[in-house]
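Report on the structure
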Amino acid sequence: MKNLKKLRTERNLSQQQLADMLHTTQQNIYKYENGISEPNLETLKNMADHFQTSIDYLVGYTSIRHKIEPVSEYDLNSDEQTLIQKYRKLLPRIRRIVHIIIDEYLVSSGR
């Protein structure tokens, strides 16, 4: 539980306060933070929900702190939906300029 203590201390929570929120014991929180034992899947889910992060971040598999949005190839997250809505409001000549800017950015960043 690489990041549990970090998240807990950032929110100025004691081990007991976190334990109370997660319906567990202070001793369990201590054991999780110090690698003595590991929480079950339900507890991991509750921790991730409480800290609004992913289980992967809690256990140190990623440095991305926010929850990962499930997106399939053709699904759009909320930012992408907003961009599409704005793009559709543009005049055709402005859309062409947007395409040029994106293409230039991709070329200059090597993507």
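The sections below set out a description of the structure shown in this document. (Residues numbered from 1 in each chain as written. Predicted model: local features only at pLDDT ≥ 70, side-chain atom pairs only at ≥ 80, totals over all residues. Heavy atoms only, no water.)

Looking now at the overall build of the protein. When helices and strands are tallied, the protein shows 7 helices and 0 strands. Along its sequence from the N terminus, the protein presents helices and strands in the succession α-α-α-α-α-α-α. Taken over the C-alpha trace, the protein has a radius of gyration of 21 Å; the compact-globule value for 111 residues is 13 Å, which it surpasses by more than 25%. Taken over the C-alpha atoms alone, the protein extends approximately 65 × 30 × 25 Å along its principal axes. (Helix = DSSP H or I, 4+ residues; strand = E, 2+ residues; numbered from the N terminus. Rg over C-alpha atoms; globule rule 2.2 N^0.38 Å.)

Let us now look at the environment of Gln81. In this structure, Gln81 sits in helix α6 (residues 78-88). Owing to a relative accessible area of 40%, Gln81 belongs among the partly exposed residues under this scheme. Only 3.1 Å separates the side chain of Gln81 from the backbone oxygen of Leu76, close enough to count as a polar contact. (Buried < 20%, exposed > 50% of the residue type's maximum accessible area, 1.4 Å probe, protein only. Polar contact = N/O pair within 3.5 Å; in protein donor to acceptor, adjacent residues only side chain to side chain.)

On to the side chain of Asn3. With respect to the helices and strands, Asn3 occurs in the segment before α1 (4-10). Excluding anything up to four places from it in sequence, Asn3 contacts Tyr57, Leu58, Gly60 and Thr62. (Contact = heavy atoms within 4.5 Å.)

Axes are the key here: two packed helices are described by the angle between their axes and the distance separating the axes. The N-to-C vectors of helix α2 (residues 15-22) and helix α3 (residues 26-33) enclose an angle of 110°; their axes lie 8 Å apart at closest approach. Comparing the axis directions of α2 and α3 gives the class roughly perpendicular. In this structure, α2 contributes Gln15, Gln16, Leu18, Ala19 and Leu22 to the contact, and α3 contributes Gln26, Ile29, Tyr30 and Glu33. When the residues that make up the contact of α2 with α3 are grouped by side-chain class, the tally is 5 nonpolar, 3 polar and 1 charged. (Axes fitted to C-alpha atoms, helices over the stretch in contact; angles between N-to-C directions. Parallel < 35°, antiparallel > 145°, perpendicular 65-115°, else oblique. Nonpolar A, V, L, I, M, F, W, Y, C, P; charged D, E, K, R; others polar.)

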